[in-house]
Amino acid sequence: MTLSVYMPESPFDLDKNEIKKAVKAIMNGRIKPEHINNLEIALFYPQMDDKSWHQILDGRGASKAYQDKIYSEPMVMLLTLKAILIPKFLPDFLMWMQTAPKPDDCWESCHKLQASILAEYKKNTPSLPFLPRNINDGIYSLLSRLITTPKSSPLDSKIQHKLRGLVHDKVDIPQLVKATQSLLNEKDGLWSLVYRVYFAKDLADALSQIPDLCEPGIITDYSEEKAEFLTHLQPFWKYPRKTDKKYLPLAQLFEELSFPHAAIFYQISTGNVPQNIFNQVSPKRGVKKGTLFEMTLIRQKGWGDHLDSALDAGIDFVRENLRLIITGMVIGLLLVGGIGLTTIGIISLIANQSNKALEAIRDEKIATVTAESKSQQTSKTDTNNPETLTDISDENKGRFDRTNEAIKAMTTNLTPDITQLETEDKNRIGIREDVHNNKEYIVLFCVRKILGLDQNLQYGEIGKYNERWQEFSDAIRKYQEAKGANTPDGVIDEGGRTQKWLEEDIRNQCLNPPDGG
């Protein structure tokens, strides 16, 4: 697939009426080859800048749909098209979908449009260089948004309010990372195709050129979006010890996307590179430093490195003190009457015992480091100790409240099914007799069962403690991933697909008497 940008002589005139017809047809799902060709021709002309595209797209209601949160399929398709034609809009578009009442429905409409355009694109690859160029620039725009706070405008305050405060705010970064990952991993998607075929190599080539760009400032000969992103990176080559934690989301994103150059962004954000990532770019065992694109990479220390340091320190300590002990003994014996065979034997005994002491210290160091390592791992996962629990954050409380509303709705919807169960059916399922009439308890019992959670996980604690919520949310996310959700977010939204999936599975797998629960 040829994605390089070239400016051929076009035999066609720029007809804005044809462009408007193409936009109208595409947003309504009626995509024909001539519509794609008209967009490609329009992208050829420099006068079709962002302002011109805004005018045409707003004529179909793009800005209104974005500001007023209109998530109908035609509007989602229209804004998907806007993200293709105006690369800078892509980050805002993804956040707009993420904050929809039913994000998965938005993703389905977005993917539907991508698949339709992709079908035409694959037939006309050599003659369509500008659409993928825009999509490639959109990915660079996404990366820049993940590390910067965009400039505000008078319109931003209204948009921020309408999108629950998630636009132009730090809290949007984790969600935007998740959305970016979904977009670039999406099967048969335009952005994922461009990322796999072109962008990954394009970024690697660009990173290799940064060391030659000594002077800070805008990088020339690149699109505005690409130049902006690479300009952010320049200082880390000019000042090798410089680090910035805001690049960590990029490192984690590229690691999830199996992009080995994630090493660069780990080095930039944390000052070192996790061993698994480091080994991808420097596979030689035992190496603690490597180089990639003229940037020095420092391998993150593992427990083995700490063990070596501890052993070295212990051995040096014993060696130094052993010399002092033996020297002192020899001097003492000389003073009381000279060295004989007995004295030599005593010194030999002391030396042997000192060697045993050395081995004992070494064994103790190994045991200590191993115990500390296990303790650190345990402390990360131990949520059974009440003293380690922390009060639920406002952000997690909001997610719990959304999930709780969905569970209430599930209880209402499943009440007829529960009512039909006989006592022996409830006993066979595993419901305690003292709660046979508690429909919410039965629904929660089944939810835990479907999600693979311990029945001892108290639902009341899920809304009180971060650790309990995280355990519950992680199980929901795994369930969503198994069901093929485009954006598994670990939340059950009322009326959403996750609620519907759970209701169906509870009926078939938990409340179905023949299955015995």
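Up top is the structure these notes are about.
Small disclaimer: the values here were computed from a predicted structure and weren't measured. (Residues numbered from 1 in each chain as written. Predicted model: local features only at pLDDT ≥ 70, side-chain atom pairs only at ≥ 80, totals over all residues. Heavy atoms only, no water.)

### Quick look at the pattern of salt bridges
So, step 1. What the rule picks out here adds up to 19 salt bridges.
So, step 2. We note a salt bridge from Glu 503 to Arg 507, for which the minimum N-O separation is 4.0 Å. Taken as a pair, Glu 503 and Arg 507 lie in helix H23 (residues 497-510) at a separation of four residues, close to a single helical turn.
So, step 3. On the basis of relative accessibility, which here comes to 8%, the residue Glu 503 falls in the buried class.
So, step 4. Residue class for Arg 507 comes out partly exposed when judged on its relative accessible area of 30%.
So, step 5. Taken together, the salt bridges that share partners define one network made up of Asp 417, Glu 503 and Arg 507. (Salt bridge = Lys/Arg side-chain N within 4 Å of Asp/Glu carboxyl O. Helix = DSSP H or I, 4+ residues; strand = E, 2+ residues; numbered from the N terminus. Buried < 20%, exposed > 50% of the residue type's maximum accessible area, 1.4 Å probe, protein only.)

### A few points about the state of the cysteines
So, step 1. Inspection of the entire model under this criterion finds one disulfide.
So, step 2. Sulfur-sulfur distance for the disulfide between Cys 446 and Cys 510 comes to 2.2 Å. The sign of the -75° torsion about the S-S bond sets the Cys 446-Cys 510 disulfide as left-handed. Of this pair, Cys 446 sits in helix H20 (residues 439-451) while Cys 510 sits in helix H23, and the two are 64 residues apart along the sequence. Each member of the pair, Cys 446 as well as Cys 510, is classed as buried.
So, step 3. Free of any disulfide, Cys 106 has its nearest cysteine sulfur in Cys 110, 9.0 Å distant. (Disulfide = S-S within 2.5 Å.)

### Digging into the packing of H20 against H23
So, step 1. Orientation of H20 relative to H23, taken along the N-to-C sense of each, is 90°, at an axis distance of 10 Å. When the axis of H20 is compared with that of H23, the two are roughly perpendicular. Residues Val 443, Phe 445, Cys 446, Val 447, Lys 449, Ile 450 and Leu 451 of H20 lie in contact with H23, whose contacting residues are Leu 502, Asp 505, Ile 506, Gln 509 and Cys 510.
So, step 2. Split into classes, the residues belonging to the contact of H20 with H23 amount to nine nonpolar, one polar and two charged. (Axes fitted to C-alpha atoms, helices over the stretch in contact; angles between N-to-C directions. Parallel < 35°, antiparallel > 145°, perpendicular 65-115°, else oblique. Contact = heavy atoms within 4.5 Å. Nonpolar A, V, L, I, M, F, W, Y, C, P; charged D, E, K, R; others polar.)

### Focus: the nonpolar core
So, step 1. Grouped together as the largest cluster of nonpolar side chains are 99 residues, with contacts concentrated most on Trp 53, Phe 93, Leu 94, Phe 229, Leu 233, Leu 250 and Phe 254.
So, step 2. Sort the elements by how many residues they give to this core and helix H11 (residues 190-209) lands first, with 11 residues.
So, step 3. Residues in contact with Leu 94, not counting those within four places in the same chain, are Trp 107, Leu 142, Leu 176, Ala 179, Thr 180 and Leu 183.
So, step 4. Grouped together as the second largest cluster of nonpolar side chains are 36 residues, Val 443, Leu 453, Tyr 479 and Leu 502 included. (Core = buried A, V, L, I, M, F, W, Y, C linked by side-chain atoms within 4.5 Å.)

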